Amino acid sequence: MAGDAPDGDAAAERRQLTVRALARVEGEGRLDVAVRNGSVESAQLNIYEPPRFFEAFLRGRDFREPPDLTSRICGICPVAYQVSACNALEQACGASVDRRVVELRRLLYCGEWIASHALHIYFLHAPDFLGAPDSVALARSQRGAVERGLALKKAGNAILETVGGRPIHPVNVRVGGFYRAPTRTDLAPLAETLRRALDDAIETVRWVAGFEFPDVRLESTLMALHHPERYAIEDGDIRTSGGGGFPVADFDDHVVEYHVPHSTALHARLDGERYLTGPLARYTLHHEQLSATAREAATAAGLDTECRNPFRSIVVRAVEVVYAVDEALRLIEAYERPEPPATPVTARAAVGRGVSEAPRGLLYHRYHLAANGLIESANIVPPTAQNQDAIEADLADRIGEHLDLDDAALTALCERTIRNHDPCISCATHFLDLRVVRR
Amino acid sequence: MGNEFRRDDGLGPAVIRALADRTPGGHRVDAVVAADAVDLLDAWSGADLAIVVDLAMGTPARAGRVRRATSAGVDAVGSIGGHSVDLFTTLELARELGRSPGALVVFTVEGADVRVGIGLSPPVARAVAEVVAAIDTELENWEISESARRRVPDPPGPWPAR
């Protein structure tokens, strides 16, 4: 970390803060903050790592390939990419998927939520609240808690491996269903694991509820999937905090991506406004659809009927872990093996759109197919791209409230603010430069 | 460790296949392909000796060259993020949790090809037998040192000299 003298403009007071390796956030980024007359003029999250061109190299590929290809976008939420891709391609082809397949997908997705949320809660986020630089240091003071986090992640991994074939980048998902559906006997050991995990998940909510949270309120519009029968994970229509909503087919009419000069990642606006997807949005819009156990845990943790404090997102994630474990147990109990494991899907010239709720927010896929089944174009809108505007606004607000802090404290606050949103900027090295220019 | 769908990165699984059903010296040997740090922690918790085999890519590299390292004197070089849990950070975490193995030996083999596909390059495929032999030697030496240790206790510490 270092401070800089003004360069060139005598009227400008310039501070430059550098974090050479921002831990506990995925991706490469720099934050530039401009302050004029004591107020924040701009806060830009500069994502400078190269674009990855997934949408470009999907062109010309067979329509059955995206579930496996796009799952490689992320090692933490590959199921989200697989499910959104399947939803879009099945919709394009007019295929109706067996209810039992949908429930098996939901079970697989629960595994991803449990593993991803446990990773973020215990290894990326909790150290911020406990004064620890990382989870190794956290293990020194709170060994039992870290063991609990590992056990939860392992429970999530067990679902991914049993249903998806392996815990990272599962290989069992295909357009129309699965290559092989597990038997009830295959799932029985999972139920044992998950019953123990439920206690760990409830204890996790109690643990994080005891942290201290700054009193902060995020005013951005919230957007999440909605399903009439269940807390939406693997499909649904779209609802917003303004009381609006629209079908997935209209996504492109409402959500517009655009380039900004300071980032290689696209930003997005919802009907021209910044918005946030992810746990805060899901909880605020649909908390009444959580299971009774999850709702009880939320109430005991002091969550109200909405949560707009990004620092408290760790509590919401913990509640969602309770729900995902509970839901996985329910799905295993009610499991009927889909036979055949996949519905045959025949390609046709069409456009298909699919969504699902990745652990960190709504993930949208759109594919244009030719009659021969080749992909003519693809568009993928990941949650972190959608959330970038809201994250920048949140950063500007936090910095504006704390301009009196010294460089180190201000930088730490910025890092915490970013981690509150669990961004998955990329699958590369970690880097953040923060530069504050005061005029 | 490794991914057998990335050619030479399939080294770890190949070594495990070569070790299948062997119980050198009558000891129980568990062979596990680890997908992440959690798998490693589980695999080596309570073990007297853990041997990790992984591919190494470097510049300059000599494909097939086998190297041996131990945990002694190695500090964590990474940080715990979703995508970046390195072996020695995992070991550091294991130490804090009291789940580190009695001793850790790492064998790396320098690779030539980690493109998508199945099958090891010829120099890495040849190295599999060398690694298996090295593991046998490691177990024999460990047995000898354990016998000596039982006669003359080591000074206290988590990493007795080998």
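What you see is a predicted model; the values in this text were computed from it and never measured.

Engineer: Whenever I open this one, the pairing of strand β12 (residues 350-358) of chain A confuses me. Can you help?
Structural biologist: A regular strand carries its side chains on alternate faces of the sheet. Residues and elements named next belong to chain A. The element β12 is extensively covered by neighbouring structure, given that seven of its nine residues are classed as buried. Here β12 runs beside strand β13 (residues 361-369); their pairing, made up of nine bridges, is antiparallel. When the bridges of β13 are listed, R353 appears paired with R366. Between β12 and the antiparallel strand that follows it, β13, lie two residues.

Engineer: Would you mind showing me how to read the packing of helix α4 (residues 99-130) of chain A against helix α11 (residues 313-333) of chain A here?
Structural biologist: Two quantities define a packed helix pair, namely the angle between the helix axes and the distance between the axes. All names here are of chain A. Between α4 and α11, the least distance of the axes is 8 Å, while the angle of their chain directions is 155°. The orientation of α4 with respect to α11, classified from their angle, is roughly antiparallel. At the point where α4 passes α11, the crossing takes the left-handed sense. Among the residues making up the contact of α4 with α11, the classes are represented as 16 nonpolar, four polar and five charged.

Engineer: In this structure, what is going on with the state of the cysteines? I would like to understand it.
Structural biologist: A covalent bond between the sulfur atoms of two cysteines is referred to as a disulfide. Taken as a whole, this structure holds zero disulfides over all chains when the rule is applied. With no disulfide of its own, C74 of chain A lies 3.3 Å from the sulfur of C77 of chain A, the closest cysteine sulfur.

Engineer: It is not clear to me how the sheet that holds strand β3 (residues 103-110) of chain B should be interpreted in this structure. Could you clarify?
Structural biologist: Hydrogen bonds along the backbone pair up the strands of a sheet, which may run parallel or antiparallel. Residues and elements named next belong to chain B. A sheet is described by the order of its strands in space; here three strands give the open sequence β1-β3-β2, paired in mixed fashion. Lying at the two open borders of the sheet, with one neighbouring strand each, are β1 (49-56) and β2 (66-70). Going from strand to strand, the sheet's axes swing by 20° on average, the running direction of each strand aside. By the bridge criterion, five bridges tie β2 to β3 in an arrangement that is antiparallel. By the bridge assignment, V66 is partnered in β3 with V109.

Engineer: Hey, could you run me through the nonpolar core in this one?
Structural biologist: Generally speaking, a soluble globular protein has its nonpolar side chains buried in company with each other. L107, L194, W207, I314, V325 and Y367 of chain A together with W44 of chain B are the most contacted members of the largest nonpolar core, which totals 127 residues. Of all the elements, α4 of chain A adds the most residues to this core, at 18 residues. With near-sequence residues (within four places) excluded, W44 of chain B lies in contact with A50, V52, L87, T90, L91, A94, R99, S100, P101 and L104 of chain B. The next biggest cluster of nonpolar side chains, apart from the first, holds 20 residues, and it includes V15, V124, V131 and A134 of chain B.

Engineer: Teacher, can you tell me more about the confidence of the model for chain A here?
Structural biologist: Detailed reading of the predicted coordinates is not advisable wherever pLDDT is low. All names here are of chain A. On average, residues of chain A score 89 in pLDDT, and 89% of them are at 70 or above. Across residues 1-12 the pLDDT falls below 50, and counting only partners more than four positions away or on other chains, this stretch makes 19 contacts in the model. Contacts of residues 426-433 to residues separated by more than four positions or lying in other chains number 48 contacts, the stretch itself having pLDDT below 50.

Engineer: Mind showing me how you'd approach the pattern of salt bridges here?
Structural biologist: A side chain with one charge can pair with a side chain of the opposite charge if their charged atoms come near. Here the structure, examined in full by the defined rule, presents 38 salt bridges over all chains. Residues E147 of chain A and R99 of chain B are paired through a salt bridge, measuring 2.4 Å at the closest nitrogen-oxygen approach. Residue E147 of chain A is located in helix α6 (residues 143-164), and its partner R99 of chain B is located in the loop between α3 (87-97) and β3; the two belong to separate chains. By sharing partners, the salt bridges in this structure join R106, R230, E234, D235, E327 and R330 of chain A into a single network.

Engineer: Any chance you could explain the sheet that holds β13 of chain A here in plain terms?
Structural biologist: All names here are of chain A. If you walk across this open sheet you meet the three strands as β12-β13-β14, and the pairing is antiparallel. The outermost strands of the open sheet, each flanked by one partner alone, are β12 and β14 (375-381). Looking at each pair of strands side by side, their axes are set apart by 15° on average, direction ignored. In this sheet, β14 lies alongside β13 in antiparallel orientation, the contact comprising six bridges. Directly across from R366, in β14, lies its bridge partner N379. Helix-sheet contacts for helix α3 (residues 78-93) involve β12, β13 and β14, and the interaxial angle to β12 is about 150°.

Engineer: What is the right way to read the environment of P78 of chain A from this model?
Structural biologist: Residues and elements named next belong to chain A. Inspection of the secondary structure assignment puts P78 in helix α3. Linking P78 and P167, residues 89 residues apart in sequence, is a C-alpha distance of 9.7 Å. When sequence neighbours within four positions are dropped, the list of residues in contact with P78 reads S71, E112, H169 and P170.

Engineer: Please explain the environment of L150 of chain A as it appears in this structure.
Structural biologist: Structurally, the position occupied by L150 of chain A is in helix α6. The class for L150 of chain A is buried, based on a relative accessible area of 5%. As a C-alpha pair, L150 of chain A and I380 of chain A span 230 residues in sequence and 31 Å in three-dimensional space. Aside from chain neighbours lying at most four places away, what touches L150 of chain A is F123 of chain A together with V38, L41, L97 and R99 of chain B.

Engineer: Honestly, α11 of chain A in this entry has me stumped. Any pointers?
Structural biologist: Owing to its 3.6 residues per turn, the α-helix brings residues three or four apart onto one side. If you check α11 of chain A, its first and last C-alpha atoms are 30 Å apart, about what 21 residues at 1.5 Å a residue would give, namely 30 Å. Counted residue by residue, α11 of chain A has 19 buried out of 21 residues, so it is predominantly covered.

Engineer: Explain the side chain of R308 of chain A to me, please; I cannot follow it from the model alone.
Structural biologist: All names here are of chain A. By the element assignment, R308 lies in the loop between α10 (292-300) and α11. For R308, a relative accessible area of 11% corresponds to the buried category. Looking at R308, its side chain comes within polar contact range of the main-chain oxygen of L218, at 2.7 Å. Here S220 takes part through its backbone oxygen, which lies 2.8 Å from a polar atom of the side chain of R308.

Engineer: Can you walk me through the packing of helix α12 (residues 383-401) of chain A against helix α13 (residues 407-419) of chain A in this structure?
Structural biologist: Residues and elements named next belong to chain A. At a minimum axis distance of 10 Å, the contact between α12 and α13 shows a crossing angle of 150°. As judged from the angle between their axes, α12 and α13 are roughly antiparallel. Crossing hand, α12 versus α13: right-handed. Counting all contacts with α12, which are made through D394, L395, R398 and I399, the residues of α13 involved are L410, L413, C414, T417 and I418. Grouping the amino acids of the contact of α12 with α13 by side-chain chemistry returns six nonpolar, one polar and two charged.

So, how was this worked out
Residues numbered from 1 in each chain as written. Chains lettered and ligands numbered in written order. Predicted model: local features only at pLDDT ≥ 70, side-chain atom pairs only at ≥ 80, totals over all residues. Heavy atoms only, no water. Buried < 20%, exposed > 50% of the residue type's maximum accessible area, 1.4 Å probe, protein only. Helix = DSSP H or I, 4+ residues; strand = E, 2+ residues; numbered from the N terminus. Pairing = 2+ DSSP bridges. Axes fitted to C-alpha atoms, helices over the stretch in contact; angles between N-to-C directions. Parallel < 35°, antiparallel > 145°, perpendicular 65-115°, else oblique. Left-handed = near helix turned anticlockwise from the far one by under 90°. Nonpolar A, V, L, I, M, F, W, Y, C, P; charged D, E, K, R; others polar. Disulfide = S-S within 2.5 Å. Core = buried A, V, L, I, M, F, W, Y, C linked by side-chain atoms within 4.5 Å. Contact = heavy atoms within 4.5 Å. pLDDT = per-residue confidence, 0-100. Salt bridge = Lys/Arg side-chain N within 4 Å of Asp/Glu carboxyl O. Expected span 1.5 Å × (residues − 1). Polar contact = N/O pair within 3.5 Å; in protein donor to acceptor, adjacent residues only side chain to side chain.

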